[in-house]
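Spelled out from the first residue to the last, the chains are:
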Protein chains: 2
Amino acid sequence: MEFTASPKPQLSSRANAFSIAALMSSGGSKEKEATENTIKPLEQFVEKSSCAQPLGELTSLDAHGEFGGSVAGNSSPSSSSLCTEPLIPTTPIIPSEEMAKIACSLETKELWDKFHELGTEMIITKSGRRMFPTIRVSFSGVDSEAKYIVLMDIVPVDNKRYRYAYHRSSWLVAGKADPPLPARLYVHPDSPFTGEQLLKQMVSFEKVKLTNNELDQHGHIILNSMHKYQPRVHIIKKKDHTASLLNLKSEEFRTFIFPETVFTAVTAYQNQLITKLKIDSNPFAKGFRDSSRLTDIER
Amino acid sequence: MEFTASPKPQLSSRANAFSIAALMSSGGSKEKEATENTIKPLEQFVEKSSCAQPLGELTSLDAHGEFGGSVAGNSSPSSSSLCTEPLIPTTPIIPSEEMAKIACSLETKELWDKFHELGTEMIITKSGRRMFPTIRVSFSGVDSEAKYIVLMDIVPVDNKRYRYAYHRSSWLVAGKADPPLPARLYVHPDSPFTGEQLLKQMVSFEKVKLTNNELDQHGHIILNSMHKYQPRVHIIKKKDHTASLLNLKSEEFRTFIFPETVFTAVTAYQNQLITKLKIDSNPFAKGFRDSSRLTDIER
DNA sequence: ATCTTTACACCTAGGTGGAAAGTT
DNA sequence: AACTTTCCACCTAGGTGTAAAGAT
């Protein structure tokens, strides 16, 4: 007589996010290895929004890796990383005067920096694993009366596959990247936001999950293990009521990246220092903390 | 070095629901005891949408209790209670042809019926307590292309205060109702819904919380203990982008009630049979189940 | 050899009614 | 006497890394 199941599925914002993401799924690149998926409007825009300033590691084959590594905010003195210069589009898109005012800062920069120094790793599993640290951003310069969609995706940093050399505790290039996977967009479940909301409160992507399951049906972001990735945050201004992600041409958007959030996807942690930092900073991993490191006061 | 706190508060749909609810708060009645709160547009509409068919218990003083008890769906043969006839407005509001097509059914009718037979009680606490059973509804007849706001409120059934006579296991009238409390609307956090979403999936109000704290700052629904209440579900069609709950006149709405969801608010359960049914049917109360009632198979 | 998967103990986070103490 | 409040053990639900087993 326990009542938990129900004849109709629960209507959740997750379901909405998933259905949009599923609709928008497309090949991760436009190379010859591109999958059979059709390129949809937003995906086209997102692809074009990558930065024209190449990293040293870039190859001409790499459709995804055209990121600027020198994004503003790396040396921000405050507790958050301010990213006022988003990706410069390959096909230049000049943001409107209004959208150009928008700035986006990373709220958890100190923690990301600690991981970045060691070489951030993120676990990916078949059922999906959360990111830690979480991407948390706040916006300024938005129109408090307007409505915005905030979303995130994760794109390859280069065209390489890596392996970890335990004996020297460092990452080595292990060859060319595996074929790209269906690119998925994670639309923040609280979207659309009013500008007023965005000015008051930060946006947390804590619920986004990463998977290595190419056939994932949950809308999780699909990644290749042992590859390097860059998360990106996008904001789109809704110009009118009918405008959706499916006819993005009628809307304006901007893309922000935070280089300190680059990570390598793994199915098991490689660098023991990363494991230790995760255990010490993620509340859910408290059970693995070394109690011998307790201070006298804590003891 | 544990990272859970953050400089800016998390932007959650709860916060949104609360701010709207707070804005809409108003006196629970228009009697002389009415609070200092101003009557806002939606609240006016909602008040007017009560049913013109009086219950036997009604008094002329009772601005809230004008409900029809004979709502369609009580004798529904299916697993859910179909409520095609919502409250008849005191000031008649003829729904548009389009809105008139909308039907709303209660998904958890069997369980509600079990409680209703015994006399449903709901715990209210200072910090807020969930309802059990949960109000879960599904809609039909909505326009799949339109957008809708779905919300719920809880109104007094009569102008009485009750007490429970333990020696005869029944409720007695204990006098006139206490002064009405600020009426709050619980806007479903996934609002606005597309009609398509509403046709596919049910809407669950599992997160709504009830409190007896008149000064509650969390947006919970405030009730008087030992009073009888009727939950209501409202659906509003968004006519245009700018239309919000604050200028409801430009929108259309309908109200649905399910008489089997009437309950008495209590700070501790009165009827032991209600306690037993809660323990047996609410998964969170599993710890109180009598293991002596296990069957041979379960044992 | 080098990854990947699975079951698991150990957490966080928070929803239950009970029992005892508090209030009016 | 008739409620109300507080703290608690016991749950659900689900996020951690581990270790052993599995896969290629």
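A brief look at the structure comes next.

Analysis parameters
Residues numbered from 1 in each chain as written. Chains lettered and ligands numbered in written order. Predicted model: local features only at pLDDT ≥ 70, side-chain atom pairs only at ≥ 80, totals over all residues. Heavy atoms only, no water. Helix = DSSP H or I, 4+ residues; strand = E, 2+ residues; numbered from the N terminus. Buried < 20%, exposed > 50% of the residue type's maximum accessible area, 1.4 Å probe, protein only. Contact = heavy atoms within 4.5 Å. Pairing = 2+ DSSP bridges. Near = heavy atom within 4 Å. Polar contact = N/O pair within 3.5 Å; in protein donor to acceptor, adjacent residues only side chain to side chain.

1. Focus: the side chain of B:Thr134
All names here are of chain B.
Item 1. Positionally, Thr 134 belongs in the loop between β4 (129-130) and β5 (136-140).
Item 2. Judged by relative accessible area, Thr 134 falls into the buried class, the value being 10%.
Item 3. Those residues in contact with Thr 134 that lie beyond four places of it in its chain are Thr 108, Trp 112, Ser 204, Phe 205 and Glu 206.

2. Remarks on the sheet that holds strand β13 (residues 221-222) of chain A
Residues and elements named next belong to chain A.
Item 1. Taken together, three strands build an open sheet; the order of strands is β4-β12-β13 and the sheet is mixed. Edge positions in the sheet fall to β4 (129-130) and β13, since each of these pairs with one other strand and no more.
Item 2. With two bridges connecting them, β4 and strand β12 (residues 209-211) associate as antiparallel partners. Along β12, the bridge assignment pairs Arg 130 with Lys 209.

3. Focus on the protein's contact with DNA strand C
Item 1. The environment of DNA strand C is formed by 21 residues, the closest being A:Asn212, A:Ser225, A:Thr267, B:Arg129 and B:Tyr269.
Item 2. Considering DNA strand C, the proportion of its atoms within 4 Å of the protein that are sugar or phosphate atoms stands at 78%.
Item 3. B:Tyr269 places a polar side-chain atom, nitrogen or oxygen, 2.7 Å from a phosphate oxygen of DNA strand C.
Item 4. At 2.8 Å from a phosphate oxygen of DNA strand C is found a side-chain nitrogen or oxygen belonging to B:Asn282.
Item 5. Contributing elements (two or more residues each) for the surface near DNA strand C: β4 and α6 (272-281) of chain B.
Item 6. When residues in the surface near DNA strand C are grouped by element, the largest group, three residues, is from α6(B).

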